[in-house]
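Examining the three-dimensional arrangement
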Amino acid sequence: MMSVRVAIIGAGIMGRDHARIIAEELPGAHLQVVCDARENRARSVADALGASDVATDAMATITRSDVDAVLIASPDDTHAPLAIAAIAASKPTLCEKPLAPTSQECLEVIAAELQAGLRLIQTGFMRRFDQSYMAMKAAFDEGTLGKAVMMHNFHRNMAAPDWFTGQMAISNSAPHEFDICRFVLGTEYVSMTAFQGQKTKSIAPVMMVLETVDGQLVNIEINNNAAYGYDVRGELVGERGSVSLSTPVHASYDLALHSTHSYDADWRPRFAEAYRRQNRAWLNSIVTEHPDSSAANAWDGYCATRVAEAGMASLKAGARVDIARAEMPALYAHEGQKTESLRGKEI
């Protein structure tokens, strides 16, 4: 029984976490190569996790004969060219969000998949595998709530650097909300209105209101300087009731007449299980040669980036902006499209 040999491209925070999941938590996968522009960083991750090799050339790594699949966790502006190279090499690929910084680059990735006739790219929107969002979607899909009316979301981080802007809050922080709301509701957006409050000591929170083709309203608060910790919450409101996310809380503390619980400093503890589930689904899609029905594909990556562009335009103009999209290719219109098989490999 041969494992799927995975190359990790990018050995920063996200690459290191993905490498650990591949090496320690996914039977059936082997951490074959850790690739980073900084060889010492690649070596540090590889040595800690037992990777077979290290590299500094991402394009060469993708085409290696001893690499079956690729996980892209390098800087955002490298995602599209690396994804296109992986498609050309017929390598199933999990690409961290964003698929690309611009919708035009996303469309170039999609064009490469269309030419190949295969869905080889999974975009890293891991919230689709978070158990609380899964419960919310199930309640909606089963009709428990009746028709969806609104979806409320907020996304708070402890602190952002001085150079972080409201535009970056939309392009960097909000795409997870853009994707998960679209996924839970099973719909598309038609417009975006973005607002930013008055700046005090740091970047002011950004508030967005989106309208869907089905008439629902989705609001999203991005507060990158909440100070108290990392905090993501959401509520889906239907005609007959509502469902709210339950954040995993592993302990509460009763001390000195107070009952409290703690917050994490960043997103990784909150979504640790979602990342494991996402990567497990990706591996299974390689073995079975079928994309996971919940996983985000290249088209989903394009949609999130396109919405972010509309949000940035709205914030700049101070006005409502319509969201125009390209026509969805038939390749993404249904599940069950086979990915490239690992020919000659025993899985």
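Residues numbered from 1 in each chain as written. Predicted model: local features only at pLDDT ≥ 70, side-chain atom pairs only at ≥ 80, totals over all residues. Heavy atoms only, no water.

Once that is clear, we can look at the sheet that holds strand β10 (residues 217-223). What the seven strands build is an open sheet, ordered β12-β11-β7-β10-β9-β8-β16; its pairing is mixed. Each of the sheet's edge strands pairs with one partner strand only, and the pair in question is β12 (242-244) and β16 (321-322). By the bridge criterion, three bridges tie strand β11 (residues 231-238) to β12 in an arrangement that is antiparallel. The residue of β12 that forms the bridge with Val237 is Ser242. Of the strands in this sheet, β7 (148-156), β8 (189-196), β9 (206-212), β10 and β11 are in contact with helix α8 (residues 175-185), which crosses β7 at around 155°. (Pairing = 2+ DSSP bridges. Helix = DSSP H or I, 4+ residues; strand = E, 2+ residues; numbered from the N terminus. Contact = heavy atoms within 4.5 Å. Axes fitted to C-alpha atoms, helices over the stretch in contact; angles between N-to-C directions.)

Parts of the prediction with low pLDDT should not have their coordinates interpreted in detail. Looking at the protein, pLDDT values average 92 and 95% of them are 70 or higher. Under a pLDDT of 50 for its full length, residues 336-347 has, in the predicted model, 37 contacts with residues more than four places off or in other chains. (pLDDT = per-residue confidence, 0-100.)

This part takes up helix α2 (residues 39-49). Every buried residue of α2 is listed here: Ala42, Val45, Ala46 and Leu49. All buried residues of α2 lie within an arc of 100° about the axis, which places them on one face of the element. Along α2, exposed side chains directed more than 90 degrees from the buried face belong to Asn40, Asp47 and Ala48. Check the buried side of α2 and you find it contacts α1 (13-25), β2 (29-35) and β3 (53-55). Note on α2: the residue one or two positions beyond its end, Gly50, has a positive phi of about 75°. (Buried < 20%, exposed > 50% of the residue type's maximum accessible area, 1.4 Å probe, protein only. Arc of directions from axis to C-beta.)

In terms of residue burial, strand β1 (residues 4-9) counts as a mostly covered element, since six of its six residues are buried. Of the two faces of β1, the one carrying Val4, Val6 and Ile8 and the one carrying Arg5, Ala7 and Ile9 are both buried. Examined bridge by bridge, β1 and β2 share six bridges and lie parallel to one another. Residue pairing in the sheet places Val6 in a bridge with Leu31 of β2. On the question of chirality, the crossover connecting β1 to the parallel β2 by way of α1 is right-handed. Direction of pairing for β1 relative to strand β4 (residues 69-72): parallel, over a ladder of four bridges. Considered in β4, the bridge of Ile9 is made with Ile72. (Right-handed = clockwise from strand over helix to strand, strands pointing away.)

This next bit is on the layout of surface pockets. The calculated volume of the second largest pocket comes to roughly 480 Å³. Considering the residues around the second largest pocket, the lining is formed by 28 residues, among which Thr247, Pro248, Val249, Asp264 and Arg270 are closest to the centre. Secondary-structure elements contributing two or more residues to the lining of the second largest pocket are α6 (131-141), β11, α9 (267-270) and α10 (272-288). When residues in the lining of the second largest pocket are grouped by element, the largest group, five residues, is from α10. A breakdown of the residues in the lining of the second largest pocket according to their chemical character gives 12 nonpolar, seven polar and nine charged. (1 Å grid on protein atoms, 1.4 Å probe; cavity = no way out; pocket = protein on both sides within 12 Å on 5 of 7 lines; lining within 4 Å. Points joined across faces, edges and corners; volume = space filled by probe spheres on them. Nonpolar A, V, L, I, M, F, W, Y, C, P; charged D, E, K, R; others polar.)

Turning our eyes to something else, we now look at the packing of aromatic side chains. Aromatic ring pairs: the centre-centre distance and the angle between the two ring planes describe each pair. Overall, the coordinates contain four aromatic pairs when judged by the stated rule. Note on Tyr230 and Phe271: the rings are 6.5 Å apart at their centroids and 80° apart in plane angle, and the pair reads as edge-to-face. On the criterion of sequence distance, the pair formed by Tyr230 in the loop between β10 and β11 and Phe271 in the loop between α9 and α10 is long-range, its members being 41 residues apart. Note on Phe271: relative accessible area 0%, which makes it buried. Residue placement shows Lys137 over the ring face of Phe183; its charged tip is 4.7 Å from the ring centre. The ring of Phe271 carries Arg270 above its face, with NZ or CZ at 4.3 Å from the centroid. (Phe/Tyr/Trp six-rings, centres within 6.5 Å; stacked < 30°, edge-to-face > 60°. Lys NZ or Arg CZ within 6 Å of the ring centre and 35° of its normal.)

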